[in-house]
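# A look at the structure
For reference, the chains in residue letters:
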There are 2 protein chains.
Amino acid sequence: MTEPTAEQPAPQPRAAGLSRRRLLGAFGAGTAGVLAAGAAGGVIGRATADDAPAAGAAPTDAVPFHGEHQAGIVTPAQDRLHFVALDVTTDDREDLVQLLQDWTEAARRMTAGRDAGPVGAVDGSQYAPPDDTGEAIGLPASGLTVTVGFGPTLFTTADGTDRFGLAARRPAPLVELPGFPGDQIDPAISGGDLCIQACANDPQVAVHAVRNLIRIGAGVVSVRWSQLGFGRTSSTSTGQATPRNLFGFKDGTDNLKAENGSALDRFVWVGDGDADWLRGGSYLVTRRIRMLIEPWDSSSLDEQQRTIGRTKGSGAPLGQQAEFDPVDFTEQVDGRFAVPETSHVFLAHPTNSGTAILRRGYSFVDGSDGLGRLDAGLFFIAFQQDPETGFVQVQRNLRLDAMNEYIRHTSSAVFACPPGVRDDGDWWGRALFDG
Amino acid sequence: MTEPTAEQPAPQPRAAGLSRRRLLGAFGAGTAGVLAAGAAGGVIGRATADDAPAAGAAPTDAVPFHGEHQAGIVTPAQDRLHFVALDVTTDDREDLVQLLQDWTEAARRMTAGRDAGPVGAVDGSQYAPPDDTGEAIGLPASGLTVTVGFGPTLFTTADGTDRFGLAARRPAPLVELPGFPGDQIDPAISGGDLCIQACANDPQVAVHAVRNLIRIGAGVVSVRWSQLGFGRTSSTSTGQATPRNLFGFKDGTDNLKAENGSALDRFVWVGDGDADWLRGGSYLVTRRIRMLIEPWDSSSLDEQQRTIGRTKGSGAPLGQQAEFDPVDFTEQVDGRFAVPETSHVFLAHPTNSGTAILRRGYSFVDGSDGLGRLDAGLFFIAFQQDPETGFVQVQRNLRLDAMNEYIRHTSSAVFACPPGVRDDGDWWGRALFDG
């Protein structure tokens, strides 16, 4: 055993990617994924846990795990997602606490590009299961972030049972989302006691992280539902180009960004008015939004653009020239509003919704639906200070959205994400359980 | 309309990526995907259709579409996959021929980094549907290959109907695969009249290609099943590092490679002994192999290594030192064979299976299974000269494979992939329909 154990954490700052790098050196040029994807300029595992995220960070770099807020919220959105919701299968509070501590340690290691456990995938006893599953051997940190949230059912079950003595500590805003007109929510892929959002620039690294946290949770949690996202549909930093969603349009042009400090304090981070243990955290809302690809693809360019409220090519608001031109809701063209009052941009824009959320969604294709169509769409993720004045308020304003003709919400969940893990002695939810 | 129409094809060689590049120039730095994934050295759309694939090709480059064989077989395996099987919903042979011609033209364009149609995503009439869906605007060719195959049911339906006058032209080896012990095949995600394998280094580019071919096929074909693969699990070129599958092991070390010319002629390409129209083609077998992640992750390193027959770290055959050391089936350690006779490597190796196949599979995670487990595994793809002496022979030899305890085959399909499209006047299946 060449690395520190969980009981004897390594001194900070540690070099990122130690275990994987060692293997990389020992066994050659590593494996597929990001390397083959051409990260020519990437320096493997360069960042230490104390570094601030660099503006010019390579997609192979590590993102610091410790901080005031959890990474994976305002971190510049990585390209790939694995999201999982889990149910706690034990009634033992101590088992749950131990799991959160073990998860924190494993995430601290994996986000630095290391194996999930101190022994790793290949260095332990031949006669014990490895404490890492091995598929990320040789891969760099790849911008991995792991973000954890607590669902309403962790605090109180539907029948009112206080499972873990947390009922009195449930933040008032953490309640199940209301229904909305047109919802086609499948309960089997909704809700959950806990969630893990793993984002990375290499999908193998994101999947590896979630899979190892599930492995560590055996006997304490079980997977409720799981969602892969293959491509980001939002930017969360002004340094990122705006991606396109499966409607073919640029998405999230007016998203909240990491650089909007005061707006983040107002709309994203939980402040003084909520549960103490959640200060510096955020509420996470997920909605799996199936896109009805076939009718969309047979609609005219005009219909598509008037549905969205932007031009398809540049992403400019209708009536404007460039993507980041301000939306002008008063401008008329040929006697009608340039940006139709039923367009998605009109109704979702902060000017008209009266609020703002930080979107961090991903495109998905989950096979086909048995009716000759791709099961594809947007796995919507939003972070906000309060679900009621965030997603719920925006979504209520979308009841006349022309886009509703082309989408179906099939899954829904809400979680309270605790603040960041501060240092090696800290763990996810410590203030909730120890406070 | 600024580009040639389908009726007036552009002269060859054409510059790749024209339409997307134009948009890129017009609207700025492009979108997410490969660009954000750090393809720092990539030159967008550099290759022309006449270039040979360069050894040092960047992951953003175009792969030539025209050639003796279809691209996507011995092309160095790209990182991401979208595979779709389709059923033909018309009885009209001319509609089917027109579709294959339209698909060929669209694939010729998209593999060069262009829009699927001559008008593109944004340049057509406002009052007509765009002939490209737009989500790949600004993205480079990304190594996209599109490979098409014909299933047994395209020639003769189960009740013997000769749907398109092709029954007499069915190649003798193109029959449904036999059942194997332990199979748990779901017919709903198996088989298909046609298949499209889209591989690229950016998943958005692969999804875009499949989605546009589906769009073009409206009224002629419908999606039977669809599979995304997030990470390649095979190398098909000696220049590629061996990737790891979700068992955490290097996979495909002894795979056939593009550089093994004579072995390809012997094991992969259809030669003189089969249907004339298929010469230069290959048979494609797909198997969706669910991996039972949880029992695997709780098994010891020794059990894992003896199941595979290789060490987990280096990928060396048991008893050897390095990944590419020859497997020695006679070596004994402590009185037992170093490579167990029930190990996957022992039974699948050409020495013992008596044959070789070119594997080109991808890892998948398709949500969860409702029983608290990830639905994850390997989407196995193999190309061979004859399914009976290729996959079937290997698979029969695996009946005692220790790995069977940890896997379940849940989907199966076989297709005959025609030879490559030779030039602008050629199209997929021309020799089959015109011959």
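Just so it is clear, the structure is predicted and the values come from calculations on it, not from any experiment.

## Let's talk about the UniProt feature "domain: Dyp-type peroxidase C-terminal" (unreviewed entry) in chain A
As annotated in UniProt, the feature "domain: Dyp-type peroxidase C-terminal" (unreviewed entry) corresponds to residues 242–421 of chain A in the numbering used here. Annotated as 20% helix and 25% strand, the span residues 242–421 of chain A places its first and last C-alpha atoms 30 Å apart.

## Thoughts on the UniProt feature "domain: Dyp-type peroxidase N-terminal" (unreviewed entry) in chain A
Cross-referencing UniProt, the feature "domain: Dyp-type peroxidase N-terminal" (unreviewed entry) maps to residues 70–230 of chain A in the present numbering. Taken end to end, residues 70–230 of chain A is 23% helix and 19% strand, and its two terminal C-alpha atoms sit 22 Å from one another.

## Quick word on helix α5 (residues 203–216) of chain A
Each full turn of the α-helix corresponds to 3.6 residues, which orients residues three or four apart in the same direction. Look at α5 of chain A: 20 Å from first C-alpha to last across 14 residues, which is about the 20 Å you get at 1.5 Å a residue. Summarising burial for α5 of chain A: 13 of the 14 residues are buried, a large majority.

## A short note on the relation of the copies chain A and chain B
Mapping chain A onto chain B leaves a residual RMSD of 0.0 Å; the transformation is a rotation of 180 degrees accompanied by 0.0 Å of translation along its axis. This pairing of chains is accounted for by a two-fold axis. The fraction of interface residues of chain A whose copies in chain B are also interface residues reaches 100%, indicating that both copies meet through the same surface.

## Observations regarding the pairing of strand β6 (residues 282–291) of chain A
All names here are of chain A. In terms of burial, β6 is a largely internal element, 10 of the 10 residues being buried. Judged by which residues are buried, β6 turns out to be covered on both faces: Ser282, Leu284, Thr286, Arg288 and Arg290 on one side and Tyr283, Val285, Arg287, Ile289 and Met291 on the other are all buried. In this sheet, strand β12 (residues 407–417) lies alongside β6 in antiparallel orientation, the contact comprising 10 bridges. Looking across to β12, one finds that Thr286 is bridged to Ala413. The pairing of β6 with strand β11 (residues 374–384) spans 8 bridges and is classified as antiparallel. In the strand pairing of β11, Arg287 is matched with Phe380.

## Some words on the packing of helix α3 (residues 93–111) of chain A against α5 of chain A
All names here are of chain A. Running from N to C, α3 and α5 cross one another at 150 degrees; their axes reach a closest spacing of 10 Å. As summarised for this structure, α3 and α5 are arranged roughly antiparallel, according to the angle between their axes. Of the two elements, α3 crosses α5, and the hand of that crossing is right-handed. For the pair formed by α3 and α5, the contact residues are Leu99, Asp102, Trp103, Ala106 and Met110 on the first element and His208, Ala209, Asn212, Leu213 and Ile216 on the second. Of the residues belonging to the contact of α3 with α5, the class tally is 7 nonpolar, 2 polar and 1 charged.

## Notes on the environment of Phe383 of chain A
Residue and element names in this part refer to chain A. Examined against the element boundaries, Phe383 turns out to sit in strand β11. For the pair formed by Phe383 and Leu284, sequence separation is 99 residues and the distance between their alpha carbons is 4.7 Å. Setting aside anything within four residues of it in sequence, one finds Phe383 in contact with Gly72, Ile73, Gln197, Val268, Ser282, Tyr283, Leu284, Ile357, Leu358, Arg360 and Cys417.

## Focus on the packing of aromatic side chains
Evaluation of the coordinates by the stated rule reveals 28 aromatic pairs over all chains. Ring geometry for Trp225 of chain A versus Phe379 of chain A: centroids 6.0 Å apart, planes at 65 degrees, classification edge-to-face. Here Trp225 of chain A, found in strand β4 (residues 221–229), pairs with Phe379 of chain A, found in strand β11; they are 154 residues apart in sequence, far enough to count as distant. The burial state of Trp225 of chain A is the same as that of Phe379 of chain A; both residues are buried. Here the aromatic rings of Phe83 of chain B and Trp225 of chain B are separated by 5.5 Å at their centres, their planes lie at 20 degrees, and the arrangement is stacked. Here Trp225 of chain B lies in strand β4 (residues 221–229) and Phe83 of chain B lies in strand β1 (residues 80–88), a separation of 142 residues in the sequence.

## A closer look at the side chain of Ser353 of chain A
Relative to the elements of secondary structure, Ser353 of chain A occurs in helix α10 (residues 350–353). Each residue touching Ser353 of chain A, except ones within four places of it in the same chain, is listed here: Leu347, Ala348, Gln393, Val394 and Asn397 of chain A.

## Here we look at the environment of Leu347 of chain A
Looking at where Leu347 of chain A falls in the secondary structure, it is placed in helix α9 (residues 344–348). C-alpha of Leu347 of chain A to C-alpha of Arg396 of chain A: the two residues are 49 residues apart in sequence and 9.6 Å apart in space.

## Comments concerning helix α8 (residues 301–308) of chain B
Residue and element names in this part refer to chain B. Counted residue by residue, α8 has 6 buried out of 8 residues, so it is predominantly covered. When α8 is considered as a whole, its buried residues turn out to be Leu301, Asp302, Gln304, Gln305, Thr307 and Ile308. Elements that come into contact with the buried residues of α8 comprise α7 (293–297), β8 (336–337) and α9 (344–348). Where α8 ends, the next residue or the one after it, Gly309, has phi of about 100 degrees, a positive value.

## A short note on the pattern of salt bridges
On inspection of all chains with the given rule, the structure shows 42 salt bridges over all chains. Among the salt bridges present, the one from Arg359 of chain B reaches Asp251 of chain B, with a minimum N-O distance of 3.9 Å. Of this pair, Arg359 of chain B sits in strand β9 (residues 358–359) while Asp251 of chain B is found in the loop between β5 (231–232) and α6 (261–267), placing the two residues 108 residues apart along the sequence. Each of Arg288, Arg290, Asp366, Asp369, Arg373 and Asp375 of chain A takes part in salt bridges that share partners, so that together they form one network.

## A look at the pairing of strand β10 (residues 362–368) of chain A
All names here are of chain A. With 5 of 7 residues buried, β10 is to be regarded as a mostly interior element. Both strand β5 (residues 231–232) and β10 contribute to a ladder of 2 bridges, which runs antiparallel. Its bridge partner being in β10, Arg232 is matched across the sheet by Tyr362. Alignment of β10 against β11, held across 5 bridges, turns out to be antiparallel. Bridge pairing in β11 links Tyr362 to Phe379. The loop that links β10 with its antiparallel partner β11 comprises 5 residues; one of these, Gly370, has a positive phi angle of about 80 degrees.

About the thresholds
- Residues numbered from 1 in each chain as written.
- Chains lettered and ligands numbered in written order.
- Predicted model: local features only at pLDDT ≥ 70, side-chain atom pairs only at ≥ 80, totals over all residues.
- Heavy atoms only, no water.
- UniProt positions renumbered as here; feature names shortened; annotations may be inferred.
- Helix = DSSP H or I, 4+ residues; strand = E, 2+ residues; numbered from the N terminus.
- Expected span 1.5 Å × (residues − 1).
- Buried < 20%, exposed > 50% of the residue type's maximum accessible area, 1.4 Å probe, protein only.
- Least-squares fit on C-alpha atoms with pLDDT ≥ 70 in both.
- Contact = heavy atoms within 4.5 Å.
- Pairing = 2+ DSSP bridges.
- Axes fitted to C-alpha atoms, helices over the stretch in contact; angles between N-to-C directions.
- Parallel < 35°, antiparallel > 145°, perpendicular 65-115°, else oblique.
- Left-handed = near helix turned anticlockwise from the far one by under 90°.
- Nonpolar A, V, L, I, M, F, W, Y, C, P; charged D, E, K, R; others polar.
- Phe/Tyr/Trp six-rings, centres within 6.5 Å; stacked < 30°, edge-to-face > 60°.
- Salt bridge = Lys/Arg side-chain N within 4 Å of Asp/Glu carboxyl O.

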